[in-house]
Amino acid sequence: MTGQDAPGAEPARPGAEQARLRGAGELDVIELTGLRGWGHHGVLEQEKQIGQEFVVDVALGLSTGPAGRTDALSRTVNYAEIAQLVQREITTGAHDLIETLAERIASRALQAHPLLRRVQVTVHKPSAPVGIPFEDVRVRITRHASSVEAVLALGTNLGDRPQHLQRALTVLESTDGLEIAWTGPVLETDPVGGPEQGAYLNSAIGVHTVLGPFELLAAAQSAERHARRERREHWGPRTLDVDVITYGPMRLEDPELTLPHPRAHERAFVLAPWHAARPEAELPGHGPIGDLLAAAADRDGLRPGPAVEGFDRP
């Protein structure tokens, strides 16, 4: 985390904004085909009483890069869980329409798996009472995950500090799948922990994003690279630090990313600019940020910073 502390581990809006966010990059796909279950879905009473076999195909859209690079199941969607979810939906309840079954499967999958950003569900009803010879009846739908509200913290204490913050905002604003929702004021803060070093400029920003949490982390690290960030000394001075503080309500413990950030609840240099922009906000698992700010040990080391273009936009 910046300004003071070690680099930390490192939801939907309608209409055109959401459509633009959905255009972010290409997603990888995990496919499960031919998932079978006995269900009682159909308009006719005999369909509900006797039941019949339904077949479901699911295509899961997400970024598999983080899992592929680390061989970690926690960084992808467990398709065995998806298969169980599909079977539960097939065998539970009795819908008139397979359109409803498809919708429920898609909705439940997106709710259960935050890393899943898109899902395509195909429901087959090969024994439908059509009355003439046929091979299959199927409904195929595609649904996208809602954009997520996330909070990032920025800090710098080397070089042209205001320029580093402004450039970081520009880099993040230009990232496909990410939009700036609000920005906190820039504060000057005393360093917390680490070697003797100069004062930091810190702020916090809120974003709407359809990027997964690891892709959001990659965007944050891209902004750091634009500032020529070098990680030479633990908790040492830096041109720019961008930390992912929250990703919706998600809880995650991973060697590269802990959510929410493990020290954000006790760092006034994160809480103060966030509170200035969103005073009613809460930090998942810790409560209102106003209460956390009042208890933060470093709150007396904060003072107004310079006006930086793009910041202090609640």
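Going by the structure above, here's the rest.
Residues numbered from 1 in each chain as written. Predicted model: local features only at pLDDT ≥ 70, side-chain atom pairs only at ≥ 80, totals over all residues. Heavy atoms only, no water.

## Notes on the overall build of the protein
As a reminder of what qualifies: Helix and strand assignments come from DSSP, with helices taken as H or I runs of at least 4 residues and strands as E runs of at least 2, each series counted from the N terminus. Classification of residues uses two cut-offs on accessible area relative to the type maximum, computed with a 1.4 Å probe and protein chains only: under 20% is buried, over 50% is exposed, and between them is partly exposed. A 1.4 Å probe and the Shrake-Rupley method give the accessible areas. Residues count as covered only by the protein chains that appear here.
Check the secondary structure of the protein and you find 9 helices and 14 strands. Burial status across the protein gives 52% buried among its 314 residues. Counting only carbon and sulfur atoms, one obtains 48% of the accessible surface of the protein, whose full area is about 14,600 Å².

## Some points on helix H4 (residues 79–91)
We count it as follows: Expected span of a helix: the number of residues minus one, times 1.5 Å. Between two residues, a contact is recorded if the distance between any of their heavy atoms is within 4.5 Å. Here a polar contact is taken to be a pair of N or O atoms separated by no more than 3.5 Å, where protein atoms must pair a possible hydrogen donor with a possible acceptor and residues adjacent in sequence count only if both atoms sit in side chains.
With 13 residues, H4 extends 18 Å between its outermost C-alpha atoms, agreeing within 8% with the 18 Å of an ideal straight helix rising 1.5 Å per residue. Buried-residue contacts for H4 involve strand E1 (28–39), strand E2 (52–62) and helix H5 (98–112). For H4, the capping residue at the N-terminal end is Asn78, with a side-chain oxygen 2.9 Å from the backbone nitrogen of Ala80. Looking one or two residues beyond H4, the residue adopting positive phi is Gly93, at roughly 75 degrees.

## Let's talk about a nonpolar patch on the surface
Stated formally: Exposure above 30% relative accessible area and no salt bridge define the residues that can form patches, which grow by joining like charges within 9 Å and nonpolar side chains of Val, Leu, Ile, Met, Phe, Trp and Tyr within 5 Å. Here a salt bridge means any side-chain nitrogen of Lys or Arg lying within 4 Å of a carboxyl oxygen belonging to Asp or Glu.
Together, Val43, Leu44 and Leu97 make up an exposed nonpolar region whose accessible area comes to about 260 Å². By the element assignment, Val43 lies in the loop between E1 and helix H2 (45–50).

## Details of the side chain of Asp241
With respect to the element layout, Asp241 can be found in strand E9 (residues 241–247). Among the residues examined, Asp241 registers a relative accessible area of 0% and is labelled buried. Separated by 3.0 Å, the side chains of Asp241 and Arg238 make a polar contact.

## Quick look at the nonpolar core
Put simply, the rule reads: To define a nonpolar core, start from buried Ala, Val, Leu, Ile, Met, Phe, Trp, Tyr and Cys residues and group those joined through side-chain atoms within 4.5 Å.
In this structure, Val56, Leu60, Val121, Leu152 and Ile205 are the most contacted members of the largest nonpolar core, which totals 61 residues. Here this core gets 7 residues from one element, more than from any other, and that element is H5. Setting aside chain neighbours within four positions, we find Leu152 in contact with Leu172, Ser203, Ala204, Ile205, Val207, Leu216, Val242, Asp243, Val244 and Ile245.

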